[in-house]
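Spelled out, the chains give:
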Amino acid sequence: MSILEMQNCNVFYGKAQALHDVSIIVGDGEIVSLIGRNGAGKSTLLKAIMGLNPIKSGTRKFEGRDVTNATTEMLGRSGIAFVPEDRRIFATLSVDENLRIATVMGRKGPWNLERVYNLFPRLKERMNSRGDTLSGGEQQMLAVGRGLLTNPKLLLLDEPTEGLAPLVVADLIKAMELINAEGVAILLVEQNLKVPLKLAKRQYLIDNGHIRWSGKTDELLAEREKIEALISL
Ligand SMILES: Nc1ncnc2c1ncn2[C@@H]1O[C@H](COP(=O)(O)OP(=O)(O)O)[C@@H](O)[C@H]1O
Ligand SMILES: [Mg+2]
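Residues numbered from 1 in each chain as written. Chains lettered and ligands numbered in written order. Predicted model: local features only at pLDDT ≥ 70, side-chain atom pairs only at ≥ 80, totals over all residues. Heavy atoms only, no water.

Asker: How should I be thinking about the coordination of the magnesium ion (ligand 2) in this particular structure?
Answerer: When a metal carries six donors in an octahedron, the ideal angles between them are 90 or 180 degrees, while four donors in a tetrahedron ideally lie at 109.5 degrees. For the magnesium ion (ligand 2), the full set of protein donor atoms is Ser43 (OG) and Glu85 (OE), at a range of 2.0 to 2.7 Å. Remark: Glu85 occurs in the loop between strand 6 (80–83) and helix 3 (95–102) and Ser43 occurs in helix 1 (residues 42–49); sequence separation between them is 42 residues. A residue is classified by how much of its surface remains accessible, and Ser43, at 18% relative accessible area, is buried. (Donors = N, O, S within 2.8 Å, 3.2 Å for Na, K, Ca; no water. Helix = DSSP H or I, 4+ residues; strand = E, 2+ residues; numbered from the N terminus. Buried < 20%, exposed > 50% of the residue type's maximum accessible area, 1.4 Å probe, protein only.)

Asker: Help me understand the packing of aromatic side chains, please; the structure alone is not making it clear to me.
Answerer: Aromatic rings considered in pairs are described by the distance between their centres and by the relative angle of their planes. Considering all chains together, one arrives at zero aromatic pairs under this definition. Geometry around Phe12 places Lys56 over its ring, the cationic atom sitting 4.7 Å from the centre. It is Arg115 that lies over the ring of Trp111; its NZ or CZ is 4.6 Å from the centre. (Phe/Tyr/Trp six-rings, centres within 6.5 Å; stacked < 30°, edge-to-face > 60°. Lys NZ or Arg CZ within 6 Å of the ring centre and 35° of its normal.)

Asker: It is not clear to me how the nonpolar core should be interpreted in this structure. Could you clarify?
Answerer: As a rule of thumb, nonpolar side chains are buried together in soluble globular proteins. If you look at the biggest cluster of nonpolar residues, it comprises 36 residues, and the most contacted ones within it are Phe120, Leu155 and Ile179. Sorting the residues of this core by element identifies strand 6, helix 3, helix 4 (113–119), helix 6 (136–148), strand 7 (154–158), helix 7 (166–181), strand 8 (185–190) and helix 8 (194–199) as the ones contributing at least two each. With six residues, helix 7 is the single largest residue contributor to this core. Apart from the residues lying within four places of it in its own chain, the contact partners of Leu155 are Ala81, Val83, Val144, Leu148, Ile179, Val184, Ala185, Ile186 and Leu187. Counting residues in hydrophobic clusters, the runner-up holds 31 residues, among them Leu19, Leu46, Ala70 and Leu187. (Core = buried A, V, L, I, M, F, W, Y, C linked by side-chain atoms within 4.5 Å. Contact = heavy atoms within 4.5 Å.)

Following this line, the structure appears as C-alpha coordinates:
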(Lines give C-alpha, C1' and ligand atoms only; values in the text may rest on other atoms or scores of the structure.)
(Ligands and ions follow the chains in the order given, each with its own letter.)
Protein backbone atom coordinates (compact mmCIF):
# COMPACT_ATOMS: atom_id res chain seq x y z
CA MET A 1 0.00 0.00 0.00
CA SER A 2 1.11 3.58 -0.51
CA ILE A 3 1.26 6.02 2.36
CA LEU A 4 1.34 9.11 0.15
CA GLU A 5 0.00 9.61 -3.33
CA MET A 6 0.16 12.97 -5.09
CA GLN A 7 -1.61 12.89 -8.47
CA ASN A 8 -1.25 15.48 -11.25
CA CYS A 9 -0.51 18.34 -8.91
CA ASN A 10 -0.26 21.89 -10.23
CA VAL A 11 1.10 24.57 -7.93
CA PHE A 12 1.47 28.28 -8.63
CA TYR A 13 3.17 31.27 -7.03
CA GLY A 14 0.93 34.07 -8.24
CA LYS A 15 0.74 33.57 -11.99
CA ALA A 16 3.99 31.60 -12.19
CA GLN A 17 3.49 27.86 -12.32
CA ALA A 18 6.05 26.06 -10.12
CA LEU A 19 4.81 22.46 -10.42
CA HIS A 20 3.32 20.91 -13.56
CA ASP A 21 1.18 17.77 -13.27
CA VAL A 22 3.46 16.30 -10.64
CA SER A 23 2.64 12.78 -9.48
CA ILE A 24 4.62 11.03 -6.79
CA ILE A 25 4.00 7.97 -4.66
CA VAL A 26 5.66 6.92 -1.41
CA GLY A 27 5.05 3.34 -0.35
CA ASP A 28 4.34 2.36 3.23
CA GLY A 29 7.67 2.27 5.08
CA GLU A 30 9.61 3.14 1.93
CA ILE A 31 12.48 5.59 1.41
CA VAL A 32 12.01 7.54 -1.81
CA SER A 33 14.21 10.38 -3.08
CA LEU A 34 13.34 13.49 -5.01
CA ILE A 35 16.37 14.93 -6.78
CA GLY A 36 16.82 18.15 -8.70
CA ARG A 37 19.03 21.17 -8.94
CA ASN A 38 18.44 24.47 -7.20
CA GLY A 39 15.09 26.00 -8.19
CA ALA A 40 13.70 22.76 -9.67
CA GLY A 41 10.63 22.73 -7.43
CA LYS A 42 11.64 20.30 -4.67
CA SER A 43 10.77 22.46 -1.68
CA THR A 44 7.61 23.60 -3.45
CA LEU A 45 6.49 19.97 -3.71
CA LEU A 46 7.28 19.19 -0.07
CA LYS A 47 5.33 22.27 1.00
CA ALA A 48 2.44 21.23 -1.24
CA ILE A 49 2.44 17.76 0.34
CA MET A 50 2.38 19.38 3.81
CA GLY A 51 -0.45 21.75 2.85
CA LEU A 52 1.79 24.81 3.05
CA ASN A 53 1.42 25.54 -0.67
CA PRO A 54 -2.09 25.33 -2.11
CA ILE A 55 -2.60 22.72 -4.83
CA LYS A 56 -4.52 24.43 -7.64
CA SER A 57 -5.46 21.14 -9.22
CA GLY A 58 -4.54 17.56 -8.46
CA THR A 59 -5.09 15.25 -5.53
CA ARG A 60 -3.35 14.20 -2.34
CA LYS A 61 -4.01 10.84 -0.68
CA PHE A 62 -2.60 9.73 2.65
CA GLU A 63 -2.96 6.07 3.61
CA GLY A 64 -5.44 5.66 0.79
CA ARG A 65 -7.75 8.46 1.98
CA ASP A 66 -8.32 11.57 -0.10
CA VAL A 67 -6.88 14.48 1.91
CA THR A 68 -6.61 16.99 -0.90
CA ASN A 69 -8.40 19.62 1.14
CA ALA A 70 -6.76 18.88 4.50
CA THR A 71 -4.95 21.68 6.35
CA THR A 72 -1.32 21.49 7.44
CA GLU A 73 -2.44 20.86 11.00
CA MET A 74 -4.67 17.97 9.94
CA LEU A 75 -1.87 16.47 7.86
CA GLY A 76 0.50 16.76 10.82
CA ARG A 77 -1.98 15.01 13.06
CA SER A 78 -2.43 12.28 10.46
CA GLY A 79 1.29 11.56 10.66
CA ILE A 80 3.25 13.71 8.21
CA ALA A 81 6.29 15.59 9.56
CA PHE A 82 8.22 18.17 7.55
CA VAL A 83 11.85 19.07 8.28
CA PRO A 84 12.40 22.27 6.26
CA GLU A 85 15.61 23.25 4.53
CA ASP A 86 16.27 26.11 6.98
CA ARG A 87 15.68 23.78 9.95
CA ARG A 88 13.77 26.37 12.01
CA ILE A 89 15.60 25.81 15.28
CA PHE A 90 14.61 28.14 18.14
CA ALA A 91 17.85 30.08 18.60
CA THR A 92 17.32 31.13 22.20
CA LEU A 93 16.03 27.77 23.43
CA SER A 94 18.27 24.89 24.47
CA VAL A 95 18.43 21.64 22.51
CA ASP A 96 16.29 20.00 25.17
CA GLU A 97 13.70 22.78 25.08
CA ASN A 98 13.59 22.66 21.28
CA LEU A 99 12.81 18.95 21.52
CA ARG A 100 10.28 19.20 24.33
CA ILE A 101 8.22 21.68 22.35
CA ALA A 102 7.77 19.08 19.63
CA THR A 103 6.28 16.56 22.04
CA VAL A 104 3.30 18.88 22.50
CA MET A 105 1.79 17.71 19.20
CA GLY A 106 1.06 14.53 21.12
CA ARG A 107 0.63 11.75 18.56
CA LYS A 108 1.15 8.45 20.30
CA GLY A 109 3.97 6.25 19.07
CA PRO A 110 7.41 4.85 19.70
CA TRP A 111 9.41 8.10 19.64
CA ASN A 112 10.17 9.96 22.85
CA LEU A 113 12.98 12.19 24.12
CA GLU A 114 15.06 9.29 25.35
CA ARG A 115 14.92 7.49 22.02
CA VAL A 116 15.82 10.64 20.11
CA TYR A 117 18.84 11.13 22.39
CA ASN A 118 19.83 7.50 21.82
CA LEU A 119 19.58 8.01 18.08
CA PHE A 120 21.65 11.22 18.25
CA PRO A 121 24.08 10.95 21.21
CA ARG A 122 25.59 14.25 20.13
CA LEU A 123 22.30 15.99 20.95
CA LYS A 124 22.36 14.55 24.45
CA GLU A 125 25.86 15.94 24.97
CA ARG A 126 24.58 19.32 23.90
CA MET A 127 21.14 19.19 25.51
CA ASN A 128 21.69 22.41 27.49
CA SER A 129 23.28 24.38 24.65
CA ARG A 130 21.36 27.14 22.94
CA GLY A 131 20.08 26.55 19.43
CA ASP A 132 22.24 29.32 17.99
CA THR A 133 25.47 27.66 19.20
CA LEU A 134 24.92 24.42 17.28
CA SER A 135 26.92 23.32 14.24
CA GLY A 136 25.06 22.67 10.99
CA GLY A 137 25.09 18.93 11.64
CA GLU A 138 23.77 19.35 15.18
CA GLN A 139 21.03 21.64 13.92
CA GLN A 140 20.01 19.05 11.35
CA MET A 141 19.92 16.29 13.98
CA LEU A 142 17.79 18.52 16.18
CA ALA A 143 15.41 19.28 13.32
CA VAL A 144 15.05 15.58 12.50
CA GLY A 145 14.67 14.72 16.19
CA ARG A 146 11.92 17.29 16.52
CA GLY A 147 10.14 15.78 13.54
CA LEU A 148 10.37 12.30 15.04
CA LEU A 149 8.84 13.43 18.32
CA THR A 150 5.58 14.03 16.48
CA ASN A 151 5.65 10.27 15.79
CA PRO A 152 5.23 10.56 12.04
CA LYS A 153 4.40 7.81 9.60
CA LEU A 154 6.00 9.86 6.83
CA LEU A 155 8.99 12.16 7.25
CA LEU A 156 9.67 14.82 4.62
CA LEU A 157 13.35 15.84 4.66
CA ASP A 158 14.42 18.90 2.65
CA GLU A 159 18.13 18.68 1.78
CA PRO A 160 19.16 17.30 5.18
CA THR A 161 22.80 16.75 4.22
CA GLU A 162 23.43 20.02 2.37
CA GLY A 163 26.65 21.71 3.44
CA LEU A 164 27.58 19.10 6.03
CA ALA A 165 30.96 17.40 6.45
CA PRO A 166 31.22 13.80 5.13
CA LEU A 167 31.44 12.28 8.63
CA VAL A 168 28.28 14.07 9.72
CA VAL A 169 26.55 13.00 6.52
CA ALA A 170 27.50 9.39 7.29
CA ASP A 171 25.95 9.72 10.77
CA LEU A 172 22.77 11.15 9.29
CA ILE A 173 22.55 8.34 6.74
CA LYS A 174 22.78 5.80 9.57
CA ALA A 175 20.12 7.67 11.51
CA MET A 176 17.79 7.72 8.49
CA GLU A 177 18.25 3.96 8.11
CA LEU A 178 17.38 3.41 11.77
CA ILE A 179 14.35 5.69 11.55
CA ASN A 180 13.16 3.85 8.46
CA ALA A 181 13.74 0.48 10.17
CA GLU A 182 11.19 1.65 12.76
CA GLY A 183 8.63 1.79 9.96
CA VAL A 184 8.76 5.51 9.16
CA ALA A 185 8.52 6.23 5.43
CA ILE A 186 10.91 8.94 4.22
CA LEU A 187 10.71 11.32 1.28
CA LEU A 188 14.27 12.56 0.93
CA VAL A 189 14.96 15.68 -1.12
CA GLU A 190 18.51 16.27 -2.33
CA GLN A 191 20.30 18.28 -5.03
CA ASN A 192 22.48 15.39 -6.14
CA LEU A 193 22.46 11.61 -6.26
CA LYS A 194 25.09 10.91 -3.62
CA VAL A 195 22.97 10.27 -0.54
CA PRO A 196 19.83 9.13 -2.43
CA LEU A 197 21.75 6.32 -4.13
CA LYS A 198 22.80 5.02 -0.72
CA LEU A 199 19.38 5.21 0.90
CA ALA A 200 16.54 4.93 -1.55
CA LYS A 201 15.39 2.08 -3.76
CA ARG A 202 13.25 4.45 -5.86
CA GLN A 203 14.00 7.89 -7.20
CA TYR A 204 12.15 10.81 -8.75
CA LEU A 205 14.06 13.40 -10.76
CA ILE A 206 12.53 16.84 -11.04
CA ASP A 207 13.47 19.83 -13.19
CA ASN A 208 11.65 23.04 -13.91
CA GLY A 209 8.60 21.83 -12.01
CA HIS A 210 8.26 18.61 -14.06
CA ILE A 211 9.08 15.06 -12.97
CA ARG A 212 11.55 14.08 -15.72
CA TRP A 213 12.22 10.52 -14.65
CA SER A 214 11.19 8.07 -11.99
CA GLY A 215 12.19 4.51 -11.35
CA LYS A 216 14.23 2.09 -9.34
CA THR A 217 17.73 2.98 -8.21
CA ASP A 218 19.11 0.00 -10.17
CA GLU A 219 17.55 1.34 -13.36
CA LEU A 220 19.00 4.78 -12.70
CA LEU A 221 22.47 3.37 -12.13
CA ALA A 222 22.29 1.37 -15.35
CA GLU A 223 21.83 4.57 -17.36
CA ARG A 224 23.12 7.13 -14.95
CA GLU A 225 24.65 9.62 -17.37
CA LYS A 226 21.68 9.67 -19.69
CA ILE A 227 19.23 10.10 -16.83
CA GLU A 228 21.31 12.71 -15.00
CA ALA A 229 21.39 14.73 -18.19
CA LEU A 230 17.60 14.97 -18.09
CA ILE A 231 17.84 17.23 -15.06
CA SER A 232 21.21 18.78 -16.00
CA LEU A 233 22.95 17.88 -12.74
N1 LIG B 1 7.50 31.91 -2.18
C2 LIG B 1 7.77 31.94 -3.48
N3 LIG B 1 7.26 32.90 -4.29
C4 LIG B 1 7.51 32.92 -5.60
N5 LIG B 1 8.28 32.02 -6.24
C6 LIG B 1 8.84 31.05 -5.51
C7 LIG B 1 8.61 30.96 -4.09
N8 LIG B 1 9.28 29.87 -3.63
C9 LIG B 1 9.89 29.32 -4.70
N10 LIG B 1 9.64 30.02 -5.83
C11 LIG B 1 10.11 29.69 -7.19
O12 LIG B 1 9.63 28.40 -7.51
C13 LIG B 1 10.63 27.64 -8.18
C14 LIG B 1 10.93 26.38 -7.39
O15 LIG B 1 11.52 26.74 -6.15
P16 LIG B 1 11.85 25.68 -5.03
O17 LIG B 1 10.72 24.75 -4.88
O18 LIG B 1 12.29 26.43 -3.83
O19 LIG B 1 13.08 24.91 -5.68
P20 LIG B 1 14.12 23.87 -5.01
O21 LIG B 1 13.65 23.55 -3.64
O22 LIG B 1 14.13 22.71 -5.93
O23 LIG B 1 15.44 24.57 -5.01
C24 LIG B 1 11.82 28.57 -8.34
O25 LIG B 1 11.75 29.16 -9.60
C26 LIG B 1 11.62 29.58 -7.25
O27 LIG B 1 12.20 30.81 -7.59
MG1 LIG C 1 14.61 23.81 -1.84
